[in-house]
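Observations on chain architecture
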Amino acid sequence: MDVYGDEGLVAGAVKGVMFDFSGTLFRVEPTEDWLRAVVADAGIDLAEAELTSLATRLEEAGALPGGASPRRLPARLEPLWRERDLSPEQHRAAYTALTREVPLPSAELADALYERHWTPAAWRPYPDTAATLAALHERGVPVAVVSNIGWDLRPVFRAHGVDRFVDAFVLSFEHGVQKPDPRLFRIACEALGAEPADVLMVGDDAVADAGATALGCPVRLVEHLPVEQRPDALSAALGRTGLL
């Protein structure tokens, strides 16, 4: 796994851990499942081939928050896309606009699809998420979730029974700052009561999450893979810290 800025990291040196959300602790449902759930709720009857084709086009458009990025981002949406995680309004506007790039069987589906993605049912924790967070909590190591996001993810953590293991949620839309801006990581380190050099950042984005190195935080990356393909990446990322 890629490692940034932790040449001096030794067992017992870490006094806090920051985790990214999407692709690190949780994974959003597959695009086809996302579409299928919303279509069913709307009472829309689509042939299987049509549903599959529509899901593919939505994935290519990057319409599912937490899913794949747009394969081709329309130029007019580039400014909105760059700042989508600074407010709930920008986040919704960006993703519903991408959804509307795809012909839908009903215009109302764009908003329904967007609203589906923030429900706890749309997210699954990675297999080692609960065990990793619980082990850190048991050892008295404070944890912050630092996420570029346009909505409150705390209900997702509550629904999956892991909110009690998180000491601070530092969300871009609540602070008007997006990773890799070091200000967001500084807010998290202050919330954890530790110096940046003593706080490990674990994420899946070599640009956004590695922004913590600007403060002197060590950073370790995991792969943004489907849940079934990543059983123990978090425990491996904590490696020689002696935390687990």
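None of these values were measured; they are calculated from a predicted model.

Relative to each other, helix 4 (residues 88–99) and helix 5 (residues 109–117) sit at 125°, their axes nearing to 9 Å. The angle between the axes of helix 4 and helix 5 places the two elements in the oblique class. Note that helix 4 runs across helix 5; the crossing there is right-handed. On helix 5, the residues that touch Pro-88, His-91, Arg-92, Tyr-95, Thr-96 and Thr-99 of helix 4 are Ala-110, Asp-111, Leu-113, Tyr-114, Glu-115 and His-117. Along the lines of polarity and charge, the residues of the contact of helix 4 with helix 5 split into five nonpolar, four polar and three charged.

A word on the environment of Asp-198. Along the chain, the position of Asp-198 falls in the loop between helix 9 (182–192) and strand 7 (199–203). Along the primary structure Asp-198 and Val-102 are separated by 96 residues, whereas in three dimensions their C-alpha atoms are 46 Å apart. With sequence-adjacent residues up to four places away left out, Asp-198 is seen in contact with Ala-13, Val-14, Lys-15 and Gly-16.

This next bit is on unusual backbone geometry. Each neighbour pair has its own omega, and for Lys-179 with Pro-180 the value is 15°, a cis peptide bond. Tracing the backbone shows Pro-180 in the loop between helix 8 (172–175) and helix 9.

Quick look at the side chain of Thr-24 now. Examined against the element boundaries, Thr-24 turns out to sit in the loop between strand 2 (16–19) and strand 3 (26–28). Within the structure, Thr-24 has its side chain in polar contact with the backbone nitrogen of Asp-204 (distance 3.4 Å). Non-local contacts of Thr-24, meaning those with residues more than four positions away in its chain, are made with Phe-19, Tyr-126, Thr-129, Val-202, Gly-203, Asp-204, Val-222, Arg-230 and Leu-234.

Our next topic: the packing of aromatic side chains. Under the counting rule described, the total for this entry stands at nine aromatic pairs. An angle of 40° between the planes, with centres 4.6 Å apart, marks the rings of Phe-21 and Trp-123 as tilted. Taken as a pair, Phe-21 in the loop between strand 2 and strand 3 and Trp-123 in strand 4 (residues 123–125) lie far apart in primary sequence, 102 residues in all. The class for Phe-21 is buried, based on a relative accessible area of 1%. When the ring of Trp-81 is compared with that of Tyr-95, the centres are 5.6 Å apart and the planes differ by 65°; the resulting orientation is edge-to-face.

Criteria and cut-off values
Residues numbered from 1 in each chain as written. Predicted model: local features only at pLDDT ≥ 70, side-chain atom pairs only at ≥ 80, totals over all residues. Heavy atoms only, no water. Axes fitted to C-alpha atoms, helices over the stretch in contact; angles between N-to-C directions. Helix = DSSP H or I, 4+ residues; strand = E, 2+ residues; numbered from the N terminus. Parallel < 35°, antiparallel > 145°, perpendicular 65-115°, else oblique. Left-handed = near helix turned anticlockwise from the far one by under 90°. Contact = heavy atoms within 4.5 Å. Nonpolar A, V, L, I, M, F, W, Y, C, P; charged D, E, K, R; others polar. Polar contact = N/O pair within 3.5 Å; in protein donor to acceptor, adjacent residues only side chain to side chain. Phe/Tyr/Trp six-rings, centres within 6.5 Å; stacked < 30°, edge-to-face > 60°. Buried < 20%, exposed > 50% of the residue type's maximum accessible area, 1.4 Å probe, protein only.

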